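If you want the building blocks of each chain, they are given just below.
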Amino acid sequence: SGMSKEERILDWVKQHAVVGDPQSVVDAMDVYSRQKEWSMHVGDIKGVIVDKVMEEVKPQILLELGTYCGYSAVRMAHLLPPGGHLFTIEFNESFATIAQQVIEVAGLRDKISILKGPSQEIIPQLKKKYEINSVDMVFLDHWKSRYLPDTKLLEENGIIRKGTVLLADNVICPGAPDFLEYVRNSKRYECTTYPVENIRVNDALEKAVFLG
Ligand SMILES: CCCNc1ncnc2c1ncn2[C@@H]1O[C@H](/C=C/CNC(=O)c2cc(-c3ccc(F)cc3)cc(O)c2O)[C@@H](O)[C@H]1O
Ligand SMILES: [Mg+2]
């Protein structure tokens, strides 16, 4: 019994963030991860790279794979252009419930939709059930072994179009070697690596632009 780590994170956010202020939610989660319990959010150092890509792409429709507690959903949705929307897929019910509340504290309920279920089931439903024609950007941050199969699913279902930007966290640690090999060797992607050498671990984000 007792609270889960994710419930402790939510509790901390409720106590330390300012309702309606997404930046204070992001800051609270970063402080908790640094000072209390490390958690697998993309975090403040790699988050700056995510922010930069958001400003570059200005996605109207953004898809995230792996919501967890909603840190990156809040961080990215805060930077969406007017009218933009984030669809984030999460198959763990408890995490989805925590994330929904974190998003509420941030005041971003109207900009973010959590799609509950496994990505491999949701992706084929995006067009018909969620009326998503194509997405402008995808943030991959779920199970690393699923980056490649889901990228292929996105291609096969016509969810990504010429110019869609895939941004993948953790391509070095824990690593997504098959995904990296695929996008870097494919003529259909233009790749850029954003390495991050920080105190804890070396990692990188990979940006892969789909060329159609
Ligand atoms: C059915 C499986 C595939 N489909 C899926 N569909 C929907 N949601 C899925 C999901 N897979 C996983 N998820 C969810 O994504 C999240 C999983 C993220 C996995 N991330 C990591 O393992 C990770 C791990 C680290 C890490 C780094 C260093 C270290 F020493 C230990 C861990 C750092 C990160 O930035 C990470 O992202 C959870 O919320 C999970 O429920
Ligand atoms: Mg990650």
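Structure: see above.
Now for a description of the structure that goes with this document. The structure displayed is predicted, hence computed values, not measured ones. (Residues numbered from 1 in each chain as written. Chains lettered and ligands numbered in written order. Predicted model: local features only at pLDDT ≥ 70, side-chain atom pairs only at ≥ 80, totals over all residues. Heavy atoms only, no water.)

### A word on the overall build of the protein
Basically, it comes down to this: Helix numbering and strand numbering both begin at the N terminus, where a helix is a DSSP run of H or I of at least 4 residues and a strand a DSSP run of E of at least 2. The globule rule used here is 2.2 Å times the number of residues to the 0.38 power, and the radius of gyration it is set against is calculated over C-alpha atoms. Exposure is judged per residue with a 1.4 Å probe applied to protein chains only, and the accessible area is read against the type maximum: over 50% gives exposed, under 20% gives buried, and values in between give partly exposed. Exposure was quantified through the Shrake-Rupley algorithm and a 1.4 Å probe, taking into account, for residues, occlusion by the shown protein chains and nothing else. Charge assignment: positive for Lys and Arg, negative for Asp and Glu; neither His nor the chain ends contribute. Lys charges are placed at NZ, Arg charges at CZ, Asp charges at CG and Glu charges at CD.
Looking only at helices and strands, the protein has ten helices and seven strands in total. The C-alpha radius of gyration of the protein comes to 16 Å, within 12% of the 17 Å expected for a compact globule of 212 residues. Here the protein holds 212 residues, and 54% of them are scored as buried. For the protein, the computed accessible surface area is about 9,900 Å², with 53% contributed by carbon and sulfur atoms. Taking the average location of the 25 positive side-chain charges in the protein and that of its 30 negative ones, the two points are 3 Å from each other.

### Things to note about helix 1 (residues 5-16)
Residues lying three or four places apart along an α-helix face the same way, a consequence of the helix completing one turn every 3.6 residues. Formally: Given a helix with a known number of residues, its expected span is that number minus one, times 1.5 Å. What the arc describes is the spread of directions from the helix axis to the C-beta atoms. Whether two residues are in contact is decided by their heavy atoms, any of which lying within 4.5 Å being enough.
For helix 1, spanning twelve residues, the distance from its first C-alpha to its last is 16 Å, which sits close to the expected 16 Å at 1.5 Å a residue. Of all the residues in helix 1, the buried ones are Glu 6, Ile 9, Leu 10, Trp 12 and Val 13. Seen along its axis, helix 1 keeps its buried residues to an arc of 160°; they face one direction. Where helix 1 is buried, its residues touch helix 2 (22-35) and helix 5 (93-106).

### Quick word on the site of ligand 1
For the record, the criterion: When at least one non-hydrogen atom of a residue lies within 4 Å of a molecule or strand, that residue is treated as near it. Distance and chemistry together define a polar contact, namely a pair of N or O atoms within 3.5 Å, with one atom able to donate a hydrogen and the other to accept it when in protein, and with adjacent residues in sequence counting only for side-chain atoms on both sides. Think of it as three bins: nonpolar holds Ala, Val, Leu, Ile, Met, Phe, Trp, Tyr, Cys and Pro, charged holds Asp, Glu, Lys and Arg, and polar takes everything else, Gly as well.
Close to ligand 1 lie 23 residues; Glu 90, Ser 119, Asp 141, Lys 144 and Asn 170 are nearest. One of the backbone nitrogen or oxygen atoms of Phe 91 is found 3.3 Å away from a nitrogen atom of ligand 1. At 3.0 Å from an oxygen atom of ligand 1 is found a side-chain nitrogen or oxygen belonging to Asp 169. Across the shell around ligand 1, the residue classes break down as ten nonpolar, seven polar and six charged.

### Overview of the environment of Val 25
Position of Val 25 relative to the elements: it lies in helix 2. By relative accessible area, Val 25 is classed as buried at 0%. When sequence neighbours within four positions are dropped, the list of residues in contact with Val 25 reads Val 13, Ala 17, Val 74, Val 102, Val 105 and Ala 106.

### Observations concerning the sheet that holds strand 4 (residues 135-140)
Our working rule: Any two strands between which DSSP finds at least two bridges are classified as paired. To obtain each axis, a line is fitted to C-alpha atoms, and for helices this fit is confined to the stretch in contact; angles are then taken between N-to-C directions over 0 to 180 degrees.
Reading across from one edge, 3-2-1-4-5-7-6 is the order of the seven strands in this open sheet, with mixed pairing throughout. Bordering the open sheet on either side are strand 3 (112-116) and strand 6 (189-197), each of which pairs with just one other strand. Neighbouring strand axes in the sheet, compared pairwise and without regard to direction, differ in orientation by 20° on average. In this structure, strand 4 lies alongside strand 5 (residues 160-168), joined through five bridges in parallel fashion. Bridge pairing in strand 5 links Val 135 to Ile 160. On the sheet, helix 8 (residues 147-156) packs against strand 1 (61-65), strand 4, strand 5, strand 6 and strand 7 (202-210) and is oriented at approximately 165° with respect to strand 5. Along the sheet face, helix 10 (residues 177-185) touches strand 4, strand 5, strand 6 and strand 7 and points at about 135° away from the line of strand 6.

### Notes on the nonpolar core
Test applied: Here the nonpolar core consists of buried residues drawn from Ala, Val, Leu, Ile, Met, Phe, Trp, Tyr and Cys, with membership extended through side-chain atoms lying within 4.5 Å.
By size, the foremost hydrophobic cluster in this structure holds 44 residues, and its most contacted members are Val 25, Met 29 and Val 74. Among the elements that take part in this core, helix 5 stands out by supplying eight residues, more than any other. If you look at the next biggest cluster of nonpolar residues, it comprises 29 residues, including Leu 65, Ile 89, Ile 122 and Ile 123.

### Here we look at the coordination of the magnesium ion (ligand 2)
Heads up, the condition is: Keep in mind that water is not among the atoms, so a site may look incomplete; donors are the N, O and S atoms within 2.8 Å of the metal, or 3.2 Å for Na, K and Ca.
Distances from the magnesium ion (ligand 2) to its protein donors, namely Asp 141 (OD), Asp 169 (OD) and Asn 170 (OD1), fall within the range 2.0 to 2.2 Å. Ordering the donors of the magnesium ion (ligand 2) by residue number gives the pattern D-x27-D-N. In this pair, Asp 141 sits in the loop between strand 4 and helix 8 while Asn 170 sits in the loop between strand 5 and helix 9 (171-175), placing the two residues 29 residues apart along the sequence. When sorted by exposure, Asp 141 lands in the same class as Asn 170, which is buried.

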